[in-house]
Structure formats: C-alpha cells, structure tokens
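Tertiary structure, described
Here is how the chains run, residue by residue.
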2 protein chains.
Amino acid sequence: MRARERVANEDVSGEEELLERIARRWAGARPPRGSLGIGDDAAQLPWPAASPVLISTDLFVEGIHFDLRYTPALFIGRKALAAAASDIGAMGGAPLACLLSFAIPARTPGRLTDAILASFHEEAREIGIPLLGGDLSSSKTKLMLDVVVVGRLAGKRPIRRSGARPGDRIYVTGPLGGAATGLVRLRNGARPWRSALKHRQTPSLRSAGRLEHSLETIAVMAHLRPRPPLAAGAAFGRSSVPTAMMDLSDGLAIDLRRLCRASGVGAEIDEQRVPLHPAALHFLGPVGALRAALGGGEDYELLLCGPGPSEAVLRRIARSVGSDLIAIGTVVSREHGMVLCGEEGARRSLPHLGFDHFRPHHRQR
Amino acid sequence: MRARERVANEDVSGEEELLERIARRWAGARPPRGSLGIGDDAAQLPWPAASPVLISTDLFVEGIHFDLRYTPALFIGRKALAAAASDIGAMGGAPLACLLSFAIPARTPGRLTDAILASFHEEAREIGIPLLGGDLSSSKTKLMLDVVVVGRLAGKRPIRRSGARPGDRIYVTGPLGGAATGLVRLRNGARPWRSALKHRQTPSLRSAGRLEHSLETIAVMAHLRPRPPLAAGAAFGRSSVPTAMMDLSDGLAIDLRRLCRASGVGAEIDEQRVPLHPAALHFLGPVGALRAALGGGEDYELLLCGPGPSEAVLRRIARSVGSDLIAIGTVVSREHGMVLCGEEGARRSLPHLGFDHFRPHHRQR
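Worth saying up front: this structure is predicted, and the values here are computed from it rather than measured.

This brings us to the overall build of chain A. Of the regular secondary structure elements, chain A holds 10 helices and 13 strands. Considering only intrachain contacts with a sequence separation of at least 6, the fraction spanning at least 24 residues in chain A is 84%. Accessible surface, chain A as shown: approximately 13,900 Å² in total, 51% of it carbon and sulfur.

Structure, rendered in structure tokens:
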C-alpha cells in the first residue's frame, strides 16, 4: 500500500500518518512468510506450489452499496471484505490475502475512516487473512472502497458457473431474503444494533415484542454483516463434486439466470422449497418474502448444482462445515427456459427481479 | 468480472450488455492457458512455478487523478493501467494480467465509457497483458477506476524500497517534470493532441513556433500518456543488482524521502544532475523546472540505488532495454538527512514539495 500523490510540507503527512495507523493496526497479523505488505509499490504473496491464483475485486461505493444515513461505519469495511471474499469461496477457493483501495472525501471525519478501517480489519481477522497493500486517495464527493482478495483453489479445479447439466439438482446453502428485509427495516428507521451491540447477546424469543425485535435485528444484521459460507465454498471446491457454483450476491432469480446462461441450460425451481428467511416471512409476508428471496440479493449464500446421485456427498460436506444444503430445483435443458413451479403444479416463468446500474428507470437499491 | 447488483427486467440488461461489450473487446487477446477471465465470481491465473505473486491496486478517481474538462477519455484508461503496471515494474517484476473495477455515474454518455474501456484495452495490449476480471458499479457522482495488476518477479527477489545503503549511488531512468509541465499547459487550455492525433506524426523541430508546439505536445503527452519503463524494471529485477527501487509517481522529493525512510538512510542529490524535462525547462524556466522535477510527480520513471562498483552493470542493463540511467546523487547516513547540493557547493535541505490528500489546506492537484 502506498499513499499516491504528492505529500505535504512535513516529514510525516496526513497520508503517511494514515498509512502508519493502518500498518500499526495490522502489526499483530502475521502474513505468510515471504509476503511483502504495506510499504512497497506492490504487495508480494509467496506461492510455493504449482496452483492457480484466484483474484477478485469488488467495489463498494457510498450511495450505491451503502448509505451513511443508515449504515453504521462499523459494518462498512466488514461487508466490503465479506463480499469480496465470498467470490473466492464461490469458486471453490480459500482466501489468502487482501488489498484495499480507499477513496476518502476531504471532509470525512477521522473517526468514520477509522471505524471503516477497524471493521475491515475485524473481518479480515475473522476470515484469517492479512492486508498486504492497497491505495489511498482523496475523493471529490463520496467514499469508495475497492477490495481485492487473492485466494487459492481448495481442490484441483475451480467450480465455475458454466458446468451445470440437465438433470443436476440445484441447491442453496441457507435462507434467502434476509438481507433485503433488513434493508427495508433500515430504511424504515430500524436501528436494532444499538441494543444488540450494547447487550452483546443473542436475542431471545420469549415474547412477541421480543420476537419482532429479534427478527428485526437478525434481518438488519443479515444486511449489514453478511457472513458468506467460506468454509463451505472451500469444502465444495476440495470435493470437486459441484458441477457449477456461484455466490448469491444479486438475488436468486438473476444469479440463477446467469449460471444457466453460462452453462447453456434452463432451470425449474420449486417455489415451495426456496428457503425463505424467517424475518422476510414475518415482515414481508409469504409473497413479499418470495420476492425478497428471488430478487433481494446480498444474502451471500452459495448457489450450486450437482448430479442427483451426489446429493448425499454434498450434504455430508455441507454438514461437516456447519452449513445447510437445501435442494430447490432441477437443471433442465435450455429450451425449457427458467421456470418457477408453484402449488398444485402451477408453472410460470421465473420472474425478472432486481435493478440495473446502467438503466436509469429501474429501481435503485 | 461480474456485474454486481440486481439486474433489469430483461434477459440482457444494460450491465450484461456492457459486460458483453467488454468481453467482446477482449476476445482477441489470449490470456495464458488455464486462465479464467470475465464471467465467473473470481478470476484465475495459472501459476505453475514456485514464484511469489506480485499484486498492486491503484485508484484513479475523477476530480482527483483526472479532470474531464481537460483529460480526453482516450487517455483515462491508458493512464490508470500504466500507473498500476508501473508498480509491478518498480518491484522488479513483470505484469501478467489485470482486473478493472469501474464505477460509472448514471448520466455518463456511453461513448465516454467506451472510450475509457477502449484506451484501457489499448494499453493492456501494448503491455501485453489480458483483462481477467473486475467489477462494475454505478456511482452517485464521479467516475472511478481501480486497476489491479498481477505480476511475477523477473528475478529471485523483489527490489524493495528498503535496501539502500550509505555509499550507494542514486539513479533515475529518465527526465523529470514533464508530466507536471503538461498538466500546467492543459490547465492553461492546451489541447495539442488534436493535431497530434490528426496527423499521426512525430512533431518536427523546424521552427520556433513548431518547437513551442512540439514541446507542448510532448509535455501534455507525458501527463496524459505515461509510459513507465516496464522492461527496465523487469531487467533490473532480473539482475538483482539495485539495492532499492520504486517508481516516481509522486515526485522525486517525496518519493526519495520515502525510499530513504524505508531504508533508514539519508541522501545527497546533485541539483545539476537532476535530469530536467526539456518542456519543463522551456515553459517553466530552470527554477520552475527543478520544482516540477522534484515535486511534480506522475513521471513514472524509476528511482533506484545501487553500489558504486555496479554502475557499469546497471548502465548496461538500462541500455539493453532502451532506457536511460542518470546518476543524481549518493545515499548517505540517516543523520545527514536529505540534502540538495547546488552550484558551487551550496547545500540546502531537499525541499518538501507536493500535496496531501488528507490535509485540506495543501495544494490539490
């Protein structure tokens, strides 16, 4: 990591100070032997074996991916890193190290910058990866993070989006729609982390009021603090059993469509089997919850496919890393298209849900 | 590369279209066998030998690193990639592949986006590296690029900033202050690329008017289209002769200070030997040119140190890749500090020049 641009009329400038604060924060973390981190033009990561490098880069832009009106800084760095690490897991890999590019508007309070960097550090510590470098810049108007995660294949080959074959089963690793529900609650003014952070306890379910509050906390946390199943991704990768895999960052409807397009197949999803997040059901009702599960995005669960006979193996793998595996449908031939099967055999086209960064009239997050 | 966020109510959305346009542009480039590029959650780069991975990430933010009022889109992608690749060369490495994160404001004309992507592609083709992935996002207000370059050591070990020892000579690989001069001319309204692009010819020096125009073109191009000496960086790295190396992205004064701080040494620079860019001399005069060379930044030449007896070897290496090697001073012990030696033995402290992203009262680029 280096502070680009010219530096001020003192020996230690604001930039160098910020860099040194970052380096100090990371001083305890031990990067792999042979790594070079903060301080040189580029980072170095030792790579002893003949194994491919996995790399992912993920933007996290103020006003698009987070909104300071309702996103506490404490979660911004965490989420940016979790989302980028999720991409490595979704390839069947294990994250090894990260880099952070951070553009900071001139009037940003130091405590906001610090909170973002602290939460980034906490997430990295939980994942168990060092920060090896990055770039710092000012910004004219908005905060912007770009996170790079470098990882290694857990198995012999990556699990791509393009390997699904007709007859494969389609699975997800957890309930969907929680993050979207949390975003709705946040926009409606919910700030449940205040008490959650204060009491440091798992919400109990003793009363209706508490249930409401608990579900709200869980949903809001699902939005603010996604925990991608990295161990499951690596375990599936090690097994080489899934034929296709990706992470559910943009919603099941669109992500499944992408997987099917890459694989040249269609899909039949059993509406009843799509695991709806309990908070989505509670706050949005069954129709809203299905909509959130299909189009909400940011759940960061895995979407994967595998041959029917391997289902028991996949279940065992998921269980071994404390993850769920929920069968939600079947891969069919491309001509069948994308079908959502409802109650009593009702079939309809998988709805198109979501928004597009580059079409102005669609719903923005 | 994947289009994050939810996608529109059509099978091919704006995002997917943009992704496909990018993929089409790169269809001719052949990434190394075993690479996975655009289309999956993460990119894969084959890494057959036991050799460390070099990674650099570089922000390029509208209003900070470029200004659409005077930066033609045609140069934006090029410069963002050149700056990031320069970091790999400065470690003694060779770039192998790149990733691009690109945040685009909603009202950005398609031709602007296309021109930026086209110029990024041209630079990558010249460097000889494929685009393996990235991220696309909308942005609330400003364009923002973050470029990741992955590379390999050319030799056995990286050339870091921290290896300079008292007695070493200090070198740069080319004239300094050209980019800063170009920026001044641009801000004063110079648009010399119009005719340069039109006539596709090297400016001739036949008349004074032409000299003026030629020097302006050269200076403006130095700012808009830096060409870091990547071959020299790799050749120096292969030789393992330099004791310390970095790229001159932020100006000699501050970059040398960083190198010296990392090495725990001081430096004596011979003012007369600092190679001033001819356009800087012409437009800024000797005092202004020295100021531009010391504090201007963005020249993307290499700054390196090496033991005195190895000077002939370093010169041979530089010559073999068509690069200059200009000795500008000597590494001294830390207590001597940072000294600029002028005419007739005048000595003064190396001036602090430049600006700081994070101190509001300093000069902004």
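Residue and element names in this part refer to chain B. Two elements in contact, helix H1 (residues 14-25) and helix H3 (residues 110-127), have axes whose closest approach is 11 Å; the angle formed by their N-to-C orientations is 30 degrees. The angle between H1 and H3 falls in the class roughly parallel. In terms of crossing hand, the pair formed by H1 and H3 is right-handed. Taken together, the residues of H3 that come into contact with H1 (itself represented by Leu18, Arg21, Ile22 and Arg25) are Thr113, Asp114, Leu117, Ala118 and His121.

Before going further, it helps to spend a moment on the sheet that holds strand S12 (residues 338-341) of chain B. Residues and elements named next belong to chain B. A sheet is described by the order of its strands in space; here 7 strands give the open sequence S8-S10-S7-S11-S9-S12-S13, paired in mixed fashion. Edge strands, defined here as strands with exactly one partner in the open sheet, are strand S8 (244-247) and strand S13 (347-349). Shown here is a sheet whose adjacent strand axes are inclined to one another by a mean of 25 degrees, direction ignored. Of the pairings in the sheet, the one linking strand S9 (residues 265-270) to S12 comprises 4 bridges and is parallel in character. Its bridge partner being in S12, Asp270 is matched across the sheet by Cys341. Packing of helix H8 (residues 252-263) onto the sheet brings it into contact with strand S7 (169-172), S8, S9, strand S10 (302-306), strand S11 (326-333) and S12, and relative to S8 it is tilted by some 145 degrees.

With that out of the way, let us pick up the pairing of strand S10 (residues 302-306) of chain A. Residue and element names in this part refer to chain A. A large share of S10 lies buried, amounting to 5 of its 5 residues. Burial along S10 is two-sided: Leu302, Leu304 and Gly306 facing one way and Leu303 and Cys305 facing the other are all buried. Pairing analysis gives 4 bridges linking strand S7 (residues 169-172) to S10, with the strands arranged antiparallel. Across the sheet, Ile170 pairs through a bridge with Cys305, a residue of S10. Sheet topology note: the strand S8 (residues 244-247)/S10 ladder contains 4 bridges and is antiparallel. If you follow Asp247 over to S10, its bridge partner there is Leu302.

Residues and elements named next belong to chain A. Spatially, 7 strands are ordered S8-S10-S7-S11-S9-S12-S13 in an open sheet, and the strand pairing comes out mixed. The strands lining the two open edges of the sheet, one partner per strand, are S8 and strand S13 (347-349). Averaged over all neighbouring strand pairs, the angle between strand axes comes to 25 degrees, with direction disregarded. Against the sheet, helix H7 (residues 230-239) engages S8 and S10, with an angle of about 20 degrees to S10.

Residue and element names in this part refer to chain B. The side-chain alternation of S12 yields two buried faces, one formed by Met338 and Leu340 and the other by Val339 and Cys341. Here S12 pairs with S13 via 3 bridges, running antiparallel. In the strand pairing of S13, Val339 is matched with Ser349. Linkage of S12 to S13, two consecutive antiparallel strands, is achieved through a turn of 5 residues, within which Glu344 is found at a positive phi near 50 degrees.

The next point concerns the packing of aromatic side chains. Aromatic ring pairs are reported here in terms of the distance separating the ring centres and the angle at which the planes meet. All names here are of chain A. In this structure the tally under the stated criterion is 2 aromatic pairs over all chains. With 5.3 Å between their ring centres and 25 degrees between their planes, Phe60 and Phe66 make a pair best called stacked. In terms of burial, Phe60 and Phe66 fall into one category: buried. Against the face of Trp47 rests Arg152, its NZ or CZ located 5.6 Å from the ring centre.

Tracing the sequence through the fold places Thr243 of chain B in the loop between helix H7 (230-239) and S8. Once residues lying within four places of it in the same chain are set aside, the contact partners of Thr243 of chain B are Ile159, Arg160, Gly163, Ala164, Asp168, Cys305, Gly306 and Pro307 of chain B.

Turning our eyes to something else, we now look at the environment of Leu211 of chain A. Among the structural elements, Leu211 of chain A can be located in helix H6 (residues 208-224). Spatially, the C-alpha atom of Leu211 of chain A lies 9.7 Å from that of Ala279 of chain A, the residues being 68 residues apart in sequence.

This paragraph deals with the pattern of salt bridges. The full count for this structure, using the stated rule, is 40 salt bridges over all chains. The salt bridge involving Glu20 of chain B is made with Arg261 of chain A; its shortest N-O contact spans 3.8 Å. With Glu20 of chain B in helix H1 and Arg261 of chain A in helix H8 (residues 252-263), this residue pair bridges two chains. Given the relative accessible area of 35%, Glu20 of chain B is considered partly exposed. Since its relative accessible area comes to 30%, Arg261 of chain A is described here as partly exposed. Where Arg78 of chain B meets Glu123 of chain B, a salt bridge forms, and the shortest distance between an N and an O atom there is 2.9 Å. You can see Arg78 of chain B sitting in helix H2 (residues 73-89) and its partner Glu123 of chain B sitting in helix H3, a full 45 residues away along the chain. The residues Arg78 of chain B and Glu123 of chain B share a single accessibility class, namely buried.

Calculation notes
Residues numbered from 1 in each chain as written. Chains lettered and ligands numbered in written order. Predicted model: local features only at pLDDT ≥ 70, side-chain atom pairs only at ≥ 80, totals over all residues. Heavy atoms only, no water. Helix = DSSP H or I, 4+ residues; strand = E, 2+ residues; numbered from the N terminus. Contact = heavy atoms within 4.5 Å. Areas by Shrake-Rupley, 256 points an atom, 1.4 Å probe, with all protein chains shown as cover. Axes fitted to C-alpha atoms, helices over the stretch in contact; angles between N-to-C directions. Parallel < 35°, antiparallel > 145°, perpendicular 65-115°, else oblique. Left-handed = near helix turned anticlockwise from the far one by under 90°. Pairing = 2+ DSSP bridges. Buried < 20%, exposed > 50% of the residue type's maximum accessible area, 1.4 Å probe, protein only. Phe/Tyr/Trp six-rings, centres within 6.5 Å; stacked < 30°, edge-to-face > 60°. Lys NZ or Arg CZ within 6 Å of the ring centre and 35° of its normal. Salt bridge = Lys/Arg side-chain N within 4 Å of Asp/Glu carboxyl O.

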